[in-house]
Amino acid sequence: VEFLYCDLASMKSIRQFVQRFRAKNCPLHVLVNNAGVMLVPERKTEDGFEEHFGLNYLGHFLLTNLLLDTLKQSGTHSHNARIITVSSATHYVGKLHLNDLQSRCSYSPHGAYAQSKLALVLFTYRLQHLLTANGSHVTANVVDPGVVNTELYKHVFWAVKVAKWMTAWLFFKTPEEGASTSIYAAVSPEMEGAGGCYMYNEKRTKSADVAYDEDLQRRLWTESCKMVGISDESSRVP
């Protein structure tokens, strides 16, 4: 096991990480996008992005795009490379504000978090569409880990923290249980060649209706490319 540092809240750090990884000339068979913050007070990343949107979504968007060539080279017809992105059931109540992705007009920790998680689902569906259109041996799926007992809840209201402390053993998954669907999507033979799926408890299920809006997927992708400073090669794909 080798560790390479990457700060998903920093576009510079992501680019440096990709450079270091590429220099090793290693194949890349599985990429799991699983960094995130939740319900943080209004603040910005070093690039000036609202933190939920910048770290939870844009960081993974840039990282995935910069590693796509390596993933495509690593996948084969019988063994596709796999991209697994961790979203949340919170995306079901999320709204994507294309005119205010940074939540400048009206900031709500819950709204910003939900928007970032919806963006990840939209991104995954558009990514799979592009991969299929290009004939790439890479699949992209999105996972809901469930309610997991981790430090992600450190910014919630104190009463919620008390309730979590009292009921976590009954209602919350352990980190190991929370990781099970991501691991299943990453290595299960049953998921070979399957992409564009939303998964919960190791089963394919339906995401929010808005996530299937192909025009919204395209518009978010184009705007995301502008925000992170990469070319939008998807413009040639319907």
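Above this text sits the structure in question.
Counting starts from 1 at the beginning of each chain's written sequence and moves along it residue by residue. Given that the model is predicted, a residue must reach a pLDDT of at least 70 before its local features are reported, and side-chain atom pairs must reach 80 or more before they are shown or counted; all residues, however, enter totals for whole chains, interfaces and linings. Only hydrogens and water are set aside when side-chain values are computed; all heavy atoms of the structure are taken into account.

### Quick word on the packing of helix α1 (residues 11-23) against helix α2 (residues 51-74)
Put simply, the rule reads: The convention used is that axes are lines fitted to C-alpha atoms, helices contributing only their stretch in contact, and that angles between N-to-C directions extend from 0 to 180 degrees. Strands are runs of DSSP state E lasting at least two residues, helices are runs of H or I lasting at least four, and both sets are numbered from the N terminus onward. Note on terminology: angles under 35 degrees are roughly parallel, angles over 145 are roughly antiparallel, angles of 65 to 115 are roughly perpendicular, and the others are oblique. Handedness of a crossing is defined here by the sense of rotation of the near helix relative to the far one, left-handed for an anticlockwise turn of less than a right angle and right-handed for a clockwise turn. Throughout, a residue-residue contact means that at least one pair of heavy atoms, one from each residue, lies within 4.5 Å. Side-chain classes are defined by residue name, with Ala, Val, Leu, Ile, Met, Phe, Trp, Tyr, Cys and Pro counting as nonpolar, Asp, Glu, Lys and Arg as charged, and the others, Gly among them, as polar.
Across the interface, α1 lies against α2 with an axial gap of 10 Å and an inter-helix angle of 25 degrees. Considering the angle they form, α1 stands roughly parallel to α2. Where α1 crosses over α2, the handedness of that crossing is right-handed. Contact with α1, carried on its side by Met 11, Ile 14, Arg 15, Phe 17, Val 18, Phe 21 and Arg 22, involves Gly 54, Leu 58, Gly 59, Leu 62, Leu 63, Leu 66, Leu 67 and Thr 70 of α2 and no other residues of that element. Grouping the amino acids of the contact of α1 with α2 by side-chain chemistry returns 10 nonpolar, 3 polar and 2 charged.

### What to know about the pairing of strand β2 (residues 81-86)
The test is simple: Working definition: with a 1.4 Å probe on protein chains only, accessible area under 20% of the residue-type maximum means buried, over 50% means exposed, and in between means partly exposed. Think of it this way: DSSP has to see at least two bridges between two strands before they count as a pair.
Most of β2 is tucked away, with 6 of its 6 residues classed as buried. Here β2 shows a buried face lined by Ala 81, Ile 83 and Thr 85 and a second buried face lined by Arg 82, Ile 84 and Val 86. Pairing geometry for strand β1 (residues 30-33) and β2, over 4 bridges, is parallel. Its bridge partner lying in β2, Val 32 is registered against Ile 84.

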